[in-house]
Amino acid sequence: MKGQIIKSLQVLFPFFITVALWRLSAPWINPGGILAIVPIFYCSFIRPVPYFAAFAILICFLLDYKFNTLLIWTVFYCMFYVVINLQTFIDLTHTNRDGIYPFMGFVGTVILLLVLSHLSLVNMLSGAVMFLILVIMYIPITTTIRAVQDD
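The structure displayed is predicted, hence computed values, not measured ones.

Engineer: Explanation requested: the packing of helix H2 (residues 37-46) against helix H4 (residues 72-85) in the structure shown.
Structural biologist: Any two packed helices are characterised by how steeply their axes cross, that is the angle between the axes, and by the distance between the axes. At their nearest, the axes of H2 and H4 sit 11 Å apart, and the two run at 20° to each other. Of the possible angle classes, the one that applies to H2 and H4 is roughly parallel. Like other packed secondary-structure pairs, H2 and H4 cross with a definite hand, here right-handed. Contacts between H2 and H4 involve Ile37, Ile40, Phe41, Ser44 and Phe45 on the former and, on the latter, Trp73, Tyr77, Phe80, Tyr81 and Ile84.

Engineer: What's the story with the nonpolar core in this structure? I'm lost.
Structural biologist: Nonpolar side chains in soluble globular proteins tend to end up buried together. Grouped together as the largest cluster of nonpolar side chains are 44 residues, with contacts concentrated most on Ile37, Phe41, Trp73, Phe106 and Leu134. Listing elements by their share of this core, those giving two or more residues are helix H1 (2-23), H2, helix H3 (52-67), H4, helix H5 (100-117) and helix H6 (121-149). Element by element, the count of residues in this core is highest for H2, at eight residues. Those residues in contact with leucine 134, other than ones at most four positions away along the chain, are Ile34, Leu35, Ile37, Val38, Phe103, Val107 and Ile111.

Engineer: What exactly am I supposed to notice about the packing of aromatic side chains here?
Structural biologist: The geometry of an aromatic ring pair is captured by two quantities: the separation of the ring centres and the angle between the planes. Applying the stated criterion across every chain yields a total of 14 aromatic pairs. Arranged with centres 4.9 Å apart and planes meeting at 80°, the rings of phenylalanine 45 and phenylalanine 80 form a pair that is edge-to-face. In this pair, phenylalanine 45 sits in helix H2 while phenylalanine 80 sits in helix H4, placing the two residues 35 residues apart along the sequence. Phenylalanine 80 gets classed as buried once you look at its relative accessible area, which sits at 19%. An aromatic cluster is defined as three or more aromatic residues linked by ring pairs; in this entry it consists of Phe41, Phe45, Phe76, Tyr77, Phe80, Tyr81, Phe103, Phe106 and Tyr138.

Engineer: Can you help me understand the side chain of threonine 142 in this one?
Structural biologist: Along the chain, threonine 142 falls in helix H6. Judged by relative accessible area, which is 0%, threonine 142 ranks as buried. With sequence-adjacent residues up to four places away left out, threonine 142 is seen in contact with Val38, Tyr42 and Asp98.

Engineer: Just checking my understanding: could you explain the pattern of salt bridges for this structure?
Structural biologist: Under the criterion given, the structure shown has two salt bridges. The salt bridge involving arginine 47 is made with aspartate 150; its shortest N-O contact spans 3.1 Å. With a gap of 103 residues between them, arginine 47 in the loop between H2 and H3 and aspartate 150 in the segment after H6 connect regions that are remote in the sequence. With its nearest N and O atoms 2.5 Å apart, the salt bridge here joins aspartate 98 to arginine 146. In this pair, aspartate 98 is assigned in the loop between H4 and H5 and arginine 146 in helix H6, connecting sequence segments 48 residues apart.

Calculation notes
Residue numbers restart at each chain and count upward from 1, following the sequence in its written direction. Local features in this predicted model are restricted to residues whose pLDDT is 70 or higher, and side-chain atom pairs enter the listing and the counts only when it is 80 or higher, whereas totals over whole chains, interfaces and linings include all residues. The side-chain numbers reported here are obtained from all heavy atoms of the structure, hydrogens and water having been left aside. All axes here are fitted lines through C-alpha atoms, helices being fitted over the stretch that makes contact, and every angle between N-to-C directions spans 0 to 180 degrees. The helix and strand labels rest on DSSP assignments: H or I over at least four residues marks a helix, E over at least two residues marks a strand, and numbering proceeds from the N terminus. Here is the rule for angles: anything less than 35 degrees is roughly parallel, anything more than 145 is roughly antiparallel, 65 through 115 is roughly perpendicular, and the remaining ranges are oblique. Left-handed is the label given to a crossing in which the near helix is rotated counterclockwise from the far helix by less than a right angle, and right-handed is the label when the rotation is clockwise. A contact between two residues is defined here by any heavy atoms of the two lying within 4.5 Å. Buried Ala, Val, Leu, Ile, Met, Phe, Trp, Tyr and Cys residues form a nonpolar core when they are joined through side-chain atoms within 4.5 Å. Partly exposed residues are those whose accessible area sits between 20% and 50% of the maximum for their type, while under 20% is buried and over 50% is exposed, using a 1.4 Å probe and protein chains only. Pairing of aromatic side chains requires ring centres within 6.5 Å, counting the rings of Phe and Tyr and the six-membered ring of Trp. Pairs whose planes differ by under 30 degrees are stacked, by over 60 edge-to-face, and all others tilted. In the sections that follow, a salt bridge refers to a side-chain nitrogen of Lys or Arg positioned within 4 Å of a carboxyl oxygen of Asp or Glu.

Structure below.
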């Protein structure tokens, strides 16, 4: 019984941490709950979790709602998901450093599009800060997810 509960919590942990990171938004550390994109990327592309894609689309939609953007996170996630899953050349499940370089490309492209849509010095600085926070927090979050999921 105890082993079943632990196994269930290991399976549900990526869902819980995604919702927690989305809800724990703060203006400079986690603006709009953007840190939720880390477990979304990691559990969708690097260490795929069953049934996580539909949940990730929902959270990306909620990120768009909080950022008041027109579905950019949702559309970009869906495009990336289709590209990664419909080809056989790139395999992100065997990347080094928990896939931080593909993550930087994924997040950097979306943040660049957001900054270029309303180009100003404030947007460029907030985009750079958001990118740095995401990249810095990627390793601790993915290490925590990996540690909880491993037996």
